[in-house]
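Here are the chains, one letter per residue:
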Amino acid sequence: RASANCSCHVRVEHLSSMISGQDTFAEAHLQSLVSSLGRRQDCRSQDSPYVRDPQCHETLQDILRFLRHDQSRERPVTSLLHSWDFLENHLLPLVLTYHGSESLLLDAVKLLVFLTLPADVSARNFIEQRRSIYHTLEIMLEKREVFHILFSCLGGPLERLESSKLQLKEEDGKIIQLFLTFIRNCLISDEKHKQLADMKFTIYIKERIVKVFFDTGMIDVLTQVAKDIRKKPFSDDSTLLTEIFHLIFQSCTPHQLLHGLDDNGLKDNQTGQPDTFKRRGRIFAVRHGRFGGRSLNPMASRSTKNLSVMISRKYFGEAISFDFPNVALFQAPIRQRLLELAKSLLKGAFNEILLASWISIRHQQQNESEEKALHTHSLLSLSLFFVSFIQLSCEIHEMDAPNISGVSNLFDKEVFSWLHMIWTQAEDTKNTRGMVLVSGLVKEMFALMTTIMLRGVQSDRFACEAVLSEILVNSKIDGYLQRASSGIRAYRTGEAPLMYLANAIEVLHLGYRLKCLTEPNFIIDAKDMFHQKTISNHIRLLAFSRLNSKRLNLMLIKYVEEIIGCGMDNMMHDLTNLQILFQVALEGKLFTKKIFAYFLTNKLQTKTKHWRILHLQAGSLQLSRTS
């Protein structure tokens, strides 16, 4: 025992060489540290009281030094601690027995931050790391009182922050960020795994974690922190808090919260953003913090031979939640609590973290980094969620005017300029994830502004007109309409998901409509709207009417009518377009009488062979319907 205690005090200057993975003494020393933390009075019983060593605090500090040097992808120190059941045999018993020691609890949270850091997919022991993280969360969820004990450490810093009579301590800001990092790690622990065998398990874990955060009152704390995010000491944590809320809402779309799953279990909705709240494709995520390590995690999704899933992948991209259409991500009680949380955040908290995060991202280094990309992704995703939530709420409740006060900071000309820059950068770098996300957000912002211009209150209409004048009328840069138009023309299958084409088309049509509302004398350039590639890519999306939003389908049908009305129907007459048009006519769900009559009444001698085939097939279809 004396030799073990003596070994506890090997100082940090020796640690970097000891944990190289080659030195066997490093493992022996780490094991001696763990064993010297304390022990149960009766080693034969897990219910026996746990007695800590007098130098337990110093030992925990030494273990933390080991973990801070554990920078390789395989993370051998963390793996060893997991293999020795460090959490179950030592850390949790310490927390449960000595919950009155604030310093011990803070050390425990620091250790948990390391133990819950997401595994690197490229690590040789990735599967083992992931299972260890799940096991860690499962153990903590079995002893839910641990969360209450750990979160009690936030009482002092938050009380000092709220009271004008108490002076903040220097470490209060660090403590708050420590807990935010721990909460973030708990929420992302299931994010990297898409295998069918563990899907229900990982969803079950995340749902239980979110429920614990509600039950402990931590969600209320996060909401209050969001309201005060621009105050010290929270100002440096805005992007971290944004990511937390993004992860909380990531497993549900606005449609699920307001409607629930549809009959097919698919996340379709009237605002047409089924899955952009989830990460997609093979990307890199950076997890860091003042108390945690740094991990780059390339994430890849699995392939499938199922036809319906393959079609959905083509439309929405590789990493989509349609892989498991029959699995409801969260049960109704949790969705109801998330609905109330969304409404609460729209009373001011979201506006604050939106502005603070946007300012923080703009002030970050100019060079692109994985860290900045992650922060941008979280901000765009959360903004998209709430803009869609407001628009859908307005449609469901048949409100005359949407209430945009909860997202007003988003509708600013400087924010629009920044979004345009992000869109341009994403296209230039072929960042399909960024292209889909930013185009989706702009689309929903344009849709909400259209609703405001048509039936909003006068003050909101005036504000919208001012912003639209800057971004659509007086803009001297390559604006949103040109960006969307060029994206539609240049779209090639395989370069980006069809969702990007769908977003760009909606941005173009909504943008022109807003410009007409703002500038009544504006005339749309027919050459720009009816370019050959533009027409072909519009018709291409008609083949995916089941996956399109209702709004997009209406736009596409109206567009076909405009082509016919302008006398440019000959530009629809290549074989691919005609096949799609006939298939849509065969389904009989989208085409109007005007379009269907056009197929039947046009003179055959002026048409191509493909048109004659379509004409005859349409005639047969009409006869079969009549009979």
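Structure report, in brief. Values in this document were obtained by computation on a predicted structure and should not be read as measured data.

### Here's the deal with the packing of aromatic side chains
And then number 1: Applying the stated rule across the entire model yields 18 aromatic pairs.
And then number 2: Relative to Phe-179, the ring of Phe-151 lies with its centre 6.1 Å away and its plane at 55 degrees, an arrangement referred to as tilted. Taken together, the residues span a long stretch of sequence, with Phe-151 in helix H9 (residues 145-151) and Phe-179 in helix H11 (residues 172-188) at a distance of 28 residues. The residues Phe-151 and Phe-179 share a single accessibility class, namely buried.
And then number 3: An aromatic cluster is built from Phe-411, Phe-416, Trp-423, Phe-446, Tyr-480 and Tyr-500, whose rings are joined through pairwise contacts.
And then number 4: Of note, Arg-52 hangs over the ring of Tyr-98, and the distance from its end group to the ring centre comes to 4.4 Å.

### Some remarks on unusual backbone geometry
And then number 1: Located in the positive-phi region is Arg-75, a residue other than glycine, with phi close to 45 degrees.
And then number 2: Positionally, Arg-75 belongs in the loop between helix H4 (56-68) and helix H5 (76-83).
And then number 3: For Arg-75, a relative accessible area of 10% puts it in the buried group.
And then number 4: Positive phi values are uncommon outside glycine, yet Asp-85 reaches one of about 55 degrees.

### Thoughts on the nonpolar core
And then number 1: Core analysis: the largest hydrophobic core is formed by 176 residues, its most contacted members being Phe-213, Phe-245, Phe-249, Leu-338 and Phe-446.
And then number 2: Examining the composition of this core, we find that 15 residues originate from one element, helix H17 (residues 332-363), more than from any other.
And then number 3: If we skip the residues at most four places from it in the chain, Phe-446 touches Phe-416, Ile-471, Leu-472, Tyr-480, Val-507, Leu-510, Gly-511 and Leu-514.

Rules of the game
Residues numbered from 1 in each chain as written. Predicted model: local features only at pLDDT ≥ 70, side-chain atom pairs only at ≥ 80, totals over all residues. Heavy atoms only, no water. Phe/Tyr/Trp six-rings, centres within 6.5 Å; stacked < 30°, edge-to-face > 60°. Helix = DSSP H or I, 4+ residues; strand = E, 2+ residues; numbered from the N terminus. Buried < 20%, exposed > 50% of the residue type's maximum accessible area, 1.4 Å probe, protein only. Lys NZ or Arg CZ within 6 Å of the ring centre and 35° of its normal. Core = buried A, V, L, I, M, F, W, Y, C linked by side-chain atoms within 4.5 Å. Contact = heavy atoms within 4.5 Å.

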